[in-house]
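Spelled out, the chains give:
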Number of protein chains: 2
Amino acid sequence: MLPPSRFETDEAGYLYDASFRENIAKYARLEGDKLLRAEAFRSLVMATKRLDQVFEAELENLGVTYGQYKALMCIKNFGVGGTQMNNVAEFLSVTPRNVTGLVDNLEAAGLVERVPDPADRRATIVRATAAGEAAGARGRRVHEAVMAKLMGILSEEEMLQLRHLSTKLLRAVEEVSAGDRRKTNG
Amino acid sequence: MLPPSRFETDEAGYLYDASFRENIAKYARLEGDKLLRAEAFRSLVMATKRLDQVFEAELENLGVTYGQYKALMCIKNFGVGGTQMNNVAEFLSVTPRNVTGLVDNLEAAGLVERVPDPADRRATIVRATAAGEAAGARGRRVHEAVMAKLMGILSEEEMLQLRHLSTKLLRAVEEVSAGDRRKTNG
DNA sequence: GGGGAATAATGAATCACTGCACAATGTTGA
DNA sequence: TCAACATTGTGCAGTGATTCATTATTCCCC
């Protein structure tokens, strides 16, 4: 369960995971460019994974999972009138089918309710109940506390750089997957 | 399905997702520190999510999922003798229960086989079959091509910074979750 | 108007991942 | 030596997420 990470510092002052490097060198025989790419990717993936686990654990006391929390905040933020399930999916960058499941669970917990959309009989509006509003508010405090505690490790300049670099990566990925999608559809 | 990202550049030259910023400002009313933290976190999460999806999609032609590929490479890299399931779990930073499932699927696909460990009758050794070796080699070529194409967007200096920053974050997260674990167990 | 395409939500099936519980085995200390 | 404890793998149950197919409904264009 405990991660086998061992953090060390480059001669240039850059942090890296020494045990990952040893393993990857020994077993996969990566070096140079490939090693650096693998290390950068690994650290990216592990950081988000661990952050997710912390959010999950911290929210557990409130009786909501992290996924439910994200959906609840999204619904809550759309206002008292609620919104279509669809909008939630788009905002969360997730499939509509997934939102159905999340809302199922949130509804079972009494934090959210489904209402038919009077303007479109295909659609259903989902809105937070009073309990959902309260849970969302508590969750938000927890979430912001964790964010401050963990992301606060980075200075403003570092935060900007991290945002810049991962956004650059994200942009590249979305460009190529859009290209692939076009290729497949055409 | 298409993500609503709109990438723009700061006055300082840093990339950010303009539509996320608009939404977060409008609905969640975040600003200053909190906004920057949320943006950095979001870009981190989205980048890894999209990268994962690309790997998943590219490996689909080979008949293995991304999770199966990671497990297969790990098993394969331990050598022809194979290794205990446990080691795979630790290397992948994943629960043993998860490895059971992954190996179930890999075994059903004929890429891997289970063998009792003569040295420890509790344990089972898992090792790659010939088909598994071949699939692993093909998968690795695909994986490295995607890595080169997408991570190659970043210069060496940027890659080092990204590794540094996400490792710094990772280290912080692991420190606090180790602390929490200690608290819970005591 | 009406017919065909797009859209909204969900059922069915699948995968990755987790926690808890449990049986079999291994280890260790009084 | 043997009882308590730890470890290894997995059954069971649950969550999150995906794709594909299906059912209503709405939209749009001829």
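Note: the structure precedes this text.
1. With respect to the nonpolar core
Then, number 1: A71, L72 and V88 of chain A together with A71, L72 and V88 of chain B are the most contacted members of the largest nonpolar core, which totals 80 residues.
Then, number 2: Leave out the neighbours within four places in its chain, and V88 of chain A touches A71, C74, I75, T83, V99 and V126 of chain A.

2. A word on the pairing of strand β5 (residues 124-128) of chain B
Then, number 1: Strand direction decides the pairing type here: strand β3 (residues 83-84) of chain B and β5 of chain B, joined by 2 bridges, are antiparallel. The residue of β5 of chain B that forms the bridge with Q84 of chain B is I125 of chain B.

3. Some remarks on the relation of the copies chain A and chain B
Then, number 1: Structural alignment of chain A on chain B gives an RMSD of 0.1 Å, achieved by rotating through 180 degrees and translating 0.0 Å along the axis. Such a combination of turn and shift is consistent with a two-fold rotation axis. Minimal C-alpha separation from the rotation axis in chain A is found for L162 of chain A, amounting to 3.2 Å.
Then, number 2: Looking at the interface residues of chain A, 100% of them are also at the interface in chain B, so both copies use one shared face.

4. Some remarks on the protein's contact with DNA strand D
Then, number 1: In the vicinity of DNA strand D lie 23 residues, with T65, G67 and R121 of chain A together with N86 and A123 of chain B positioned nearest.
Then, number 2: Within the residue set of the surface near DNA strand D, elements represented by two or more residues are α3 (66-77) and α5 (96-108) of chain A together with α4 (85-92) and α5 (96-108) of chain B.
Then, number 3: When residues in the surface near DNA strand D are grouped by element, the largest group, 5 residues, is from α5 of chain A.
Then, number 4: A per-class count over the surface near DNA strand D returns 5 nonpolar, 11 polar and 7 charged.

5. Regarding the sheet that holds strand β5 (residues 124-128) of chain A
Residue and element names in this part refer to chain A.
Then, number 1: If you walk across this open sheet you meet the 3 strands as β3-β5-β4, and the pairing is antiparallel. Each edge of the open sheet carries a strand with a single partner, namely β3 (83-84) and β4 (112-116).
Then, number 2: Where α3 meets the sheet, its contacts fall on β3, β4 and β5, and the angle it forms with β5 comes to roughly 100 degrees.

6. Some details on the protein's contact with DNA strand C
Then, number 1: Every one of the 24 residues lining DNA strand C counts as a neighbour, but N86 and A123 of chain A together with T65, G67 and R121 of chain B are closest to it.
Then, number 2: Only α4 (85-92) and α5 of chain A together with α3 (66-77) and α5 of chain B provide two or more residues apiece to the surface near DNA strand C.
Then, number 3: Of all the elements, α5 of chain B adds the most residues to the surface near DNA strand C, at 5 residues.
Then, number 4: Partitioned by chemical class, the residues of the surface near DNA strand C number 6 nonpolar, 11 polar and 7 charged.

Cut-offs used in this document
Residues numbered from 1 in each chain as written. Chains lettered and ligands numbered in written order. Predicted model: local features only at pLDDT ≥ 70, side-chain atom pairs only at ≥ 80, totals over all residues. Core = buried A, V, L, I, M, F, W, Y, C linked by C-beta atoms within 7 Å. Buried ≥ 20, exposed ≤ 12 C-beta atoms within 10 Å, placed from the backbone. Contact = placed C-beta atoms within 7 Å. Pairing = 2+ DSSP bridges. Helix = DSSP H or I, 4+ residues; strand = E, 2+ residues; numbered from the N terminus. Least-squares fit on C-alpha atoms with pLDDT ≥ 70 in both. Near = placed C-beta within 6 Å. Nonpolar A, V, L, I, M, F, W, Y, C, P; charged D, E, K, R; others polar. Axes fitted to C-alpha atoms, helices over the stretch in contact; angles between N-to-C directions.

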